[in-house]
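# Structural overview
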Amino acid sequence: MVSQKVVIKNPTGLHLSPAGLLCKEAMQFKSLITFKVKDSVANAKSVLSVLGACVKCGDEIELVCEGEDEEAALTALVSSIESGLGE
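What counts, and at which threshold
- Residues numbered from 1 in each chain as written.
- Predicted model: local features only at pLDDT ≥ 70, side-chain atom pairs only at ≥ 80, totals over all residues.
- Heavy atoms only, no water.
- Helix = DSSP H or I, 4+ residues; strand = E, 2+ residues; numbered from the N terminus.
- Rg over C-alpha atoms; globule rule 2.2 N^0.38 Å.
- Buried < 20%, exposed > 50% of the residue type's maximum accessible area, 1.4 Å probe, protein only.
- Pairing = 2+ DSSP bridges.
- Axes fitted to C-alpha atoms, helices over the stretch in contact; angles between N-to-C directions.
- Core = buried A, V, L, I, M, F, W, Y, C linked by side-chain atoms within 4.5 Å.
- Contact = heavy atoms within 4.5 Å.
- Arc of directions from axis to C-beta.

## Some points on the overall build of the protein chain
Within the protein chain one finds three helices and four strands. The C-alpha atoms of the protein chain give 11 Å as radius of gyration, which agrees with the globular expectation for 87 residues (12 Å, within 12%). Here the C-alpha coordinates of the protein chain stretch approximately 35 × 25 × 20 Å along the principal axes. Burial analysis of the protein chain (87 residues in total) assigns 44% to the buried set.

## Structural notes on the sheet that holds strand β1 (residues 2-7)
Ordered by their spatial adjacency, four strands build an open sheet running β1-β4-β2-β3, and the pairing between neighbours is antiparallel. Each edge of the sheet is formed by a strand with only one pairing partner; in this case those strands are β1 and β3 (40-43). On average, each strand axis in the sheet is inclined to that of its neighbour by 25°, with strand direction left out of account. Sheet topology note: the strand β2 (residues 32-37)/β3 ladder contains four bridges and is antiparallel. Bridging from a neighbouring strand, T34 pairs with N43 of β3.

## A word on the nonpolar core
What tends to happen in soluble globular proteins is that the nonpolar side chains get buried as a cluster. L22, I33, F35, V55, I61, L63 and I81 are the most contacted members of the largest nonpolar core, which totals 27 residues. Among the elements that line this core, the one with the most residues is helix α3 (residues 70-82), at six residues. Sequence-distant contacts of V55, defined by excluding residues within four places in its chain, comprise I8, G13, L14, F35, V37 and I61.

## Topic: helix α1 (residues 16-26)
Quick reminder: α-helices carry 3.6 residues per turn. Residues three or four places apart thus point the same way. Restricting attention to buried positions, one finds in α1 the residues P18, A19, L22, C23 and A26. For α1, the buried positions fall inside an angular range of 140° around the axis, keeping them on one side. The exposed residues of α1 that point more than 90 degrees off its buried face are L16 and K24. If you follow the buried residues of α1, they end up packed against β2, α2 (47-52) and α3.

Okay, structure coming up:
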């Protein structure tokens, strides 16, 4: 298991468009990918789960990847989030 904290930079947080891009990126990997925000845990491969986490701009999330390609998954997702998820 590997994890890393990252701050959401998107001005509107993880609304539908960036949430969809995050899920699309996460689904390319076999690992279980979740993230912790405040007191909840969300499945990064589920758009509804990501939207339900209500992540706002400036929130810090902790990505957790567990599985055979966990290192590659964590690197790719952190990179996507830091680049703004298409925004």
